[in-house]
Every structure is written in structure tokens, then in C-alpha cells.
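Summary of the model geometry
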Amino acid sequence: MNRRPRRFRLVRLAAVPAAFVLSVATTLAWAWTGGVDQLGLPLGPVGDPTVSLPVIAAPEFPVLGDPRRSEPAHSRSKSDPADPTVTTGKGAADTPYTSSEPGMIAPRIAAPGLAPDQAARGGACVTGRKLIPTCNVLWGVAPGAHTESRGASALAAFERKTGRTQAIYHAYHGGIRQLFPTEQEIAIAHQSGRHRVLFLNWKPESASWAAIARGDRRTDAFLDRLAVHIKRTFPEQFFFAVHHEGENDVRERAGSGYTARDYAAMYRHVINRLRAHGVNNIVSVLVHMAYIKHATQSWFNSMYPGDDVVDWIGFDTYAYSDPGYGHGDFAQVFNKRLEGKQRWPGFYTWALTRHPGKPLMIAEWGVWSSKRNTGYKVDFYKELGAEIRRFPKIRAMVQFETPHNQKGQDSSVDSTPAALQAYRNLGKLPIFQVAVTP
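Residues numbered from 1 in each chain as written. Predicted model: local features only at pLDDT ≥ 70, side-chain atom pairs only at ≥ 80, totals over all residues. Heavy atoms only, no water.

**Quick word on the environment of T162**
We count it as follows: For the purposes of this entry, the term helix denotes a DSSP run of H or I that reaches at least four residues, the term strand denotes a run of E that reaches at least two, and both are numbered from the N terminus. Contacts are assigned to residue pairs with any non-hydrogen atoms lying within 4.5 Å of each other. Definition of a polar contact: a pair of N or O atoms within 3.5 Å, with one able to donate and the other able to accept a hydrogen when the atoms are protein atoms, and with sequence-neighbouring residues admitted only if both atoms are side-chain atoms.
Topologically, T162 is positioned in helix α2 (residues 151–162). Sequence spacing of T162 and K428 is 266 residues, and the spatial spacing of their C-alpha atoms is 9.5 Å. With residues near it in sequence (within four places) discarded, T162 still touches V413, Y423 and R424. One polar contact links the side chain of T162 to the main-chain carbonyl oxygen of F158, over a distance of 2.7 Å.

Encoded structure:
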């Protein structure tokens with residue numbers, strides 16, 4: 001998730017031994033973004049903390065919004081007149097957005113290194129190689145985070161209230177006890193008439209990054225079991241993230257086991273170990289926090305595991321309804337810059353220039369509510385459909401849906417009736433219609 005201001009950070013007790021602090025901080029950081037939903041739960045008969053949840057039945061609501069709905073005209077915030085990608089030269093962002101004609105899916109110009117949108121009038125957008133949609137943007141959710149209702153029941157409730165099927169279902173796993181996809185996740189992906197892409201997020205917790213990269217025995221044994229399980233139960237492509245938001249746990253000192261290079265080596269080891277056992281259907285996602293303080297560190301680029309083991313680059317970031325950190329329009333929030341000595345071009349611009357051949361996913365996003373500024377969330381949703389046109393490298397967006405995180409902040413799309421209607425309208429736009437195909 002997007003890094004919070006200093007006043008929101010977890011307090012660490014100085015008197016606690018360093019090793020214990022690292023363990024607690026790592027676990028809490030994972031729990032903050034949804035991993036807590038998979039931790040501390042009573043195990044079912046096969047060691048799966050989610051199997052007790054019901055498999056979803058077909059809800060009584062439309063699968064997709066009206067694909068003929070035209071999109072709102074592009075508007076640029078007065079506070080951010082500059083184009084977010086001008087530093088990369090002539091590209092999609094230099095072309096103004098115009099609303100679609102009825103019945104037409106207007107293709108976006110491709111970002112450098114990516115194929116242009118293929119579908120136009122009368123065409124259908126589908127998932128292609130490495131799950132990159134042939135056009136448009138995959139639309140998804142991580143439902144029920146930080147609540148007792150998660151998995152299938154939370155997904156069904158979210159799809160009922162938002163009025164459409166989610167193309168991506170995002171779930172979190174940790175440790176070496178649970179094999180995935182679980183039975184419930186497989187049922188979610190295979191639900192009749194509602195095929196979805198699974199996005200499974202795994203945090204290895206059995207050893208340090210350095211130890212895993214060297215071939216930690218327990219972790220390797222789990223990866224080997226996981227490979228067998230995936231080959232036996234789920235041959236379809238699915239998104240797979242290894243220790244998302246890893247920069248939050250970097251300890252850049254020799255011998256820590258958690259340096260940026262240790263992370264890159266660990267990530268490589270995990271992906272290569274699974275592929276060596278014939279798991280060729282994983283689509284790997286490297287998920288960053290898009291937190292400027294981390295991104296401007298000298299070690300940040302050393303976290304990259306290599307083009308051969310990274311299929312997509314993801315980032316997690318959130319908008320805040322109250323003025324301050326994370327407040328603004330889409331470009332200001334999702335491509336936040338920093339001027340001065342530690343200049344940062346924005347995460348989108350960084351990814352576009354440093355890794356131009358990789359599609360980009362907003363792996364977690366949402367708008368934190370405020371009782372003082374209820375209109376901000378509504379306006380953000382209303383403008384997003386047009387603003388996304390300025391960022392053609394983004395090919396997937398996944399809402400992180402929770403009524404309360406550990407700070408009591410609410411990212412629910414139905415925090416107000418007006419917000420829900422705006423989100424429903426957003427999800428019906430043509431740009432977010434992609435059919436999930438085998």
C-alpha cells in the first residue's frame with residue numbers, strides 16, 4: 001500500500017531486541033495491506049484458512065455494464081497542468097483524450113515497448129499473452145480486507161453492490177503451510193459465466209531473503225509442493241506476486257539478509273524454482289509501494305530481479321479525501337513527483353522510462369474516506385475514467401476494499417450512496433471491459 005505520512009507509521013519500541021522488532025514489523029507491514037486476512041485463523045482440514053467460506057453461487061446481477069456507454073470528456077486538474085509523461089518524449093499523453101462514440105471502444109496509444117490496443121469499433125477486448133489485455137484495462141478487487149467476511153462471500157457482496165463481475169480477484173497468502181490456489185479460489189476463477197483472473201500474493205516467511213535465495217531447505221520443499229499442486233489443480237494463467245511492497249522491509253546493511261539485492265535474489269529464486277518444476281502459467285508481478293521516501297533511496301533500483309522473471313510491474317497507492325499527503329487528482333496521486341535534491345519523476349514515469357516493455361498494474365488502490373470531505377471520493381471516481389487515458393501503460397487496476405484498516409480508514413466504494421453510484425458508473429465505462437479468456 002502507499003506509504004502513509006510519518007504520523008501513521010507503526011511505533012516500534014526501542015527496548016525490544018532488534019531481531020524481534022524486525023519480525024514484528026515485517027508481519028504487521030504485511031497485515032496492513034491485507035495479509036492479516038490469511039494469518040492467525042484456525043486451520044481447516046487441509047490447512048487452508050479459507051476453505052470454510054462458501055463457494056459463491058451466481059448472484060442476481062448483470063455481468064458487465066453497458067459497453068455502449070460513452071466515457072466522460074477528459075479534464076485536467078488546474079493544479080497539475082503538466083503532462084505526467086512529458087519527460088519520455090512524444091507519446092500517448094501528448095494526445096488529448098476525447099470521449100468514445102456510442103458502440104466504440106477507443107484504443108489508447110501504446111506506451112513504449114507495448115503493443116497498441118487492438119480492438120476498435122465492434123471489437124472485443126480479451127486477455128492475451130501474459131494476461132495483457134488486447135485493449136482496455138483489467139478491473140479487479142481484493143474484497144473484504146480486515147474483516148471476517150473475505151474470499152467468496154466478500155467478492156459476491158462486492159459484485160452485487162457494484163453491479164458487475166470483477167475481472168481480477170486478489171488474495172493474500174503467507175508462510176509455507178497453505179498451498180494455493182485454494183479450492184475456493186479455483187471456484188472463483190471458474191464460476192460459470194464469470195471467469196476471473198486470480199491474483200495470488202505470497203509472502204515467504206520461513207527464512208530471510210538471503211537464505212531463501214541460497215536455497216533454504218524448508219522454503220524449497222514448500223515451493224516444490226506448490227509446483228505439484230498448481231500443475232495438478234490450476235493450469236490457467238494467474239498473476240503471482242512474491243512479497244509485495246518489499247521495500248518496506250529492506251534493511252540495507254551487510255549481513256542483514258534483507259538488503260535490496262537480497263530481495264531481488266529471493267524473488268528470482270522463487271520464480272525460477274517454480275518454473276524449473278514446470279509451472280509455466282504464473283504471470284509474475286513485482287509490486288512496489290510507490291512511496292517516494294523508498295523510491296529515492298540509492299538501493300531502490302537494486303530490488304529489480306530481472307526482465308526474465310518479472311512479467312508485470314505493480315504498485316500500491318491510495319488517495320486521501322482530506323488535504324495533505326495523497327490528496328489530489330489521479331496524476332497527482334498515482335504519479336506523485338518530488339522536486340529538489342532527491343528529484344523523483346513519479347512512479348508511472350519511472351516505470352515507463354526504466355522498464356518500458358513491462359505492463360503496469362495498480363495492484364492496490366482506493367480512496368480513503370473522510371466525513372469532512374465526502375465529495376472528494378465521488379469526484380475522484382468521476383474523473384478517473386478520463387484521467388486513465390493519460391497513462392496507457394496501466395493495464396490493470398485492483399481496488400483494495402475495506403471498511404476499516406488498522407487506522408480505521410475506510411476505502412469502501414459505498415461509503416456514501418453518491419460514491420457507490422460514481423463507482424458503479426466508473427466500472428461500466430468501456431475502458432474497463434476486458435473478457436477473461438483461457
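**Quick look at the nonpolar core**
The line we're drawing: Note on terminology: a nonpolar core comprises buried Ala, Val, Leu, Ile, Met, Phe, Trp, Tyr and Cys residues joined through side-chain atoms within 4.5 Å. The classification of residues rests on relative accessible area computed with a 1.4 Å probe and restricted to protein chains. Under 20% of the type maximum is buried, over 50% is exposed, and intermediate values are partly exposed.
Counting residues in each nonpolar core, the largest one holds 85 residues, and the members touching the most others are F240, F330, W365, F380, M397 and F432. Among the elements that line this core, the one with the most residues is helix α6 (residues 260–276), at seven residues. By size, the runner-up hydrophobic cluster in this structure holds 20 residues, among which are W312, M361, A396 and V436.

**Here we look at the sheet that holds strand β10 (residues 394–400)**
Applied cut-off: A strand pair is defined by DSSP finding two or more bridges across the two strands. Here the axes come from fitting lines to C-alpha atoms, over the contacting stretch only for helices, and the angles between their N-to-C directions go from 0 to 180 degrees.
Spatially, β1-β2-β3-β4-β5-β6-β8-β10 is the arrangement adopted by the eight strands of the closed barrel, whose pairing is parallel. If you compare each strand with its neighbour and ignore which way they point, the axes differ by 25° on average. Where strand β3 (residues 197–203) and strand β4 (residues 238–242) come together, four bridges link them in parallel fashion. Among the inter-strand pairings, F199 is bridged to a residue of β4, identified as F239.

**What to know about the pairing of β3**
Stated formally: Here, the term right-handed applies to a crossover whose path from the first strand over the helix to the second runs clockwise when the strands point away from the viewer.
Burial runs high along β3: seven of the seven residues are buried. Looking at chain direction, strand β2 (residues 168–174) and β3 are connected through seven bridges and run parallel. Looking at the pairing, H173 lines up with W202 of β3. In this view, the connection linking β2 to its parallel neighbour β3 by way of helix α3 (residues 183–190) has right-handed handedness.

**Quick word on the state of the cysteines**
Just so we agree on the cut-off: What counts as a disulfide here is a pair of cysteine sulfur atoms lying within 2.5 Å.
Inspection of every chain in the model, using the stated rule, returns one disulfide. Paired through a disulfide, C125 and C135 show a sulfur-sulfur distance of 1.7 Å. With the S-S bond torsion at -100°, the cross-link from C125 to C135 turns out left-handed. Of this pair, C125 sits in the loop between α1 (18–32) and β1 (138–142) while C135 is found in the loop between α1 and β1, placing the two residues ten residues apart along the sequence. Look at C125 and you get buried, because its relative accessible area is 4%.

**Looking at the pattern of salt bridges**
The line we're drawing: Here, a salt bridge means any Lys or Arg side-chain nitrogen found within 4 Å of an Asp or Glu carboxyl oxygen.
Overall, the coordinates contain twelve salt bridges when judged by the stated rule. In this structure, R275 engages D311 in a salt bridge whose closest nitrogen and oxygen atoms are separated by 3.4 Å. With a gap of 36 residues between them, R275 in helix α6 and D311 in the loop between α7 (292–295) and β6 (312–316) connect regions that are remote in the sequence. A salt bridge links R372 to D322, with the shortest nitrogen-to-oxygen separation between them at 2.6 Å. In this pair, R372 is assigned in the loop between β9 (367–368) and α10 (374–387) and D322 in the loop between β7 (319–320) and α8 (330–334), connecting sequence segments 50 residues apart. You can call R372 exposed: its relative accessible area is 67%. We classify D322 as partly exposed; its relative accessible area is 22%.

**Some points on the pairing of β1**
Among the five residues in β1, five count as buried, and that is most of the element. Along β1, one buried face is formed by L138, G140 and A142 and the opposite face, lined by W139 and V141, is buried too. The pairing of β1 with β10 spans five bridges and is classified as parallel. Considered in β10, the bridge of L138 is made with A396. Note: β1 against β2, two bridges, orientation parallel. Bridge pairing in β2 places G140 opposite I168.

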